[in-house]
Amino acid sequence: SQQGEEDPQALSIQEGENATMNCSYKTSINNLQWYRQNSGRGLVHLILIRSNEREKHSGRLRVTLDTSKKSSSLLITASRAADTASYFCAFYSGGYQKVTFGIGTKLQVIP
Amino acid sequence: EAGVTQFPSHSVIEKGQTVTLRCDPISGHDNLYWYRRVMGKEIKFLLHFVKESKQDESGMPNNRFLAERTGGTYSTLKVQPAELEDSGVYFCASSQAAGGKTQYFGPGTRLLVL
């Protein structure tokens, strides 16, 4: 299976704390992306990390990629209530451009 | 710049009826994708258009689903006849070019088949 698996599937933290979500996959990839979905809204692209990169930052987001372990992590620092959403890892593999998604991590940030 | 739009936002139909979902990609994006998230499961790829041609339709579940993109602009996804297991959220995405570029997603259409 090429499906990504997020860990944990649900996470509840206090505002100001850091949130870490992990994603594992089973095949070689071209790149890996993280998306966020707020309740009732569409998927919002957060960050893309290429297979030859190990770490990438964007604002309060930090993504790491370990291709030897076929895993990635998303760290959100100093979380805010507005960060409450579902987070999905997604990756491109093979010759076509379809994206394979994981089940997602549901993050709740308590004010 | 307008994002990807989808219509309707919600649809409730009875088993056996027909529903047509529409997606308008970002202007100028040749690549258009359909995905589906069934309740509690992962988001799954359905198909990929490059302009009006189907590049990859390996994710289409069965022949009750028909996707079109006449003229290479907006796309429709028709489910006929709808079954209970078709309930879920249908997402459309578009990207400017191939090669693993970022796909921009629409808000999704929530389909409930009773």
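Scroll up to find the structure.
None of these values were measured; they are calculated from a predicted model.

1. Notes on the sheet that holds strand 6 (residues 55-58) of chain A
All names here are of chain A.
Right, on to step 1. Taken in spatial order, the five strands make up an open sheet running 1-3-8-7-6, and their pairing is antiparallel. Only two strands of the sheet have a single neighbouring strand rather than two, namely strand 1 (5-7) and strand 6. Averaged over neighbouring strand pairs, the angle between their axes works out to 15° when direction is ignored.
Right, on to step 2. Judged from the three bridges that link them, strand 1 and strand 3 (residues 19-24) form a sheet pairing that is antiparallel. Looking across to strand 3, one finds that E5 is bridged to S24.

2. Focus: the state of the cysteines
Right, on to step 1. A full pass over the atoms with the stated rule returns two disulfides over all chains.
Right, on to step 2. One disulfide bridge connects A:C23 with A:C89, the sulfur atoms lying 2.0 Å from each other. With the S-S bond torsion at 60°, the cross-link from A:C23 to A:C89 turns out right-handed. One end of the pair, A:C23, is in strand 3; the other, A:C89, is in strand 9 (residues 85-92), with 66 residues separating them in the sequence. A:C89 matches A:C23 in its accessibility class, with the two residues each being buried.
Right, on to step 3. Across the disulfide, B:C23 is cross-linked to B:C92 (sulfur-sulfur distance 1.8 Å).

3. A closer look at the pattern of salt bridges
Residues and elements named next belong to chain B.
Right, on to step 1. Overall, the coordinates contain nine salt bridges over all chains when judged by the stated rule.
Right, on to step 2. The residue E83 makes a salt bridge to K15 at a minimum N-O spacing of 3.9 Å. Of the two residues, E83 sits in the loop between strand 8 (75-79) and strand 9 (88-95) while K15 sits in the loop between strand 2 (10-13) and strand 3 (19-24), which places them 68 residues apart along the sequence.
Right, on to step 3. Among the ionic contacts, a cluster of salt bridges with common partners joins R36, R64 and D86.

4. Considering the pairing of strand 7 (residues 61-66) of chain A
Residues and elements named next belong to chain A.
Right, on to step 1. Summarising the sheet, strand 6 and strand 7 pair through four bridges and their orientation is antiparallel. What sits directly across from H57, in strand 7, is R62.
Right, on to step 2. Where strand 7 meets strand 8 (residues 71-76), six bridges bridge the pair, whose relative direction is antiparallel. Following the sheet pairing, L61 is matched in strand 8 by I76.

5. Quick look at the nonpolar core
Right, on to step 1. Core analysis: the largest hydrophobic core is formed by 22 residues, its most contacted members being A:L32, A:W34, A:L74, A:I76, A:Y87 and A:L107.
Right, on to step 2. Breaking this core down by element, the ones donating at least two residues are strand 3, strand 4 (31-37), strand 5 (43-50), strand 7, strand 8, strand 9 and strand 11 (105-110) of chain A.
Right, on to step 3. Here this core gets four residues from one element, more than from any other, and that element is strand 9 of chain A.
Right, on to step 4. If we skip the residues at most four places from it in the chain, A:Y87 touches A:E6, A:M21, A:Y35, A:R36, A:L46, A:L74, A:I76, A:G104, A:T105 and A:L107.
Right, on to step 5. With 21 residues, the next largest nonpolar core counts B:I26, B:L46, B:F65 and B:Y90 among its residues.

Rules used throughout
Residues numbered from 1 in each chain as written. Chains lettered and ligands numbered in written order. Predicted model: local features only at pLDDT ≥ 70, side-chain atom pairs only at ≥ 80, totals over all residues. Heavy atoms only, no water. Pairing = 2+ DSSP bridges. Helix = DSSP H or I, 4+ residues; strand = E, 2+ residues; numbered from the N terminus. Axes fitted to C-alpha atoms, helices over the stretch in contact; angles between N-to-C directions. Disulfide = S-S within 2.5 Å. Buried < 20%, exposed > 50% of the residue type's maximum accessible area, 1.4 Å probe, protein only. Salt bridge = Lys/Arg side-chain N within 4 Å of Asp/Glu carboxyl O. Core = buried A, V, L, I, M, F, W, Y, C linked by side-chain atoms within 4.5 Å. Contact = heavy atoms within 4.5 Å.

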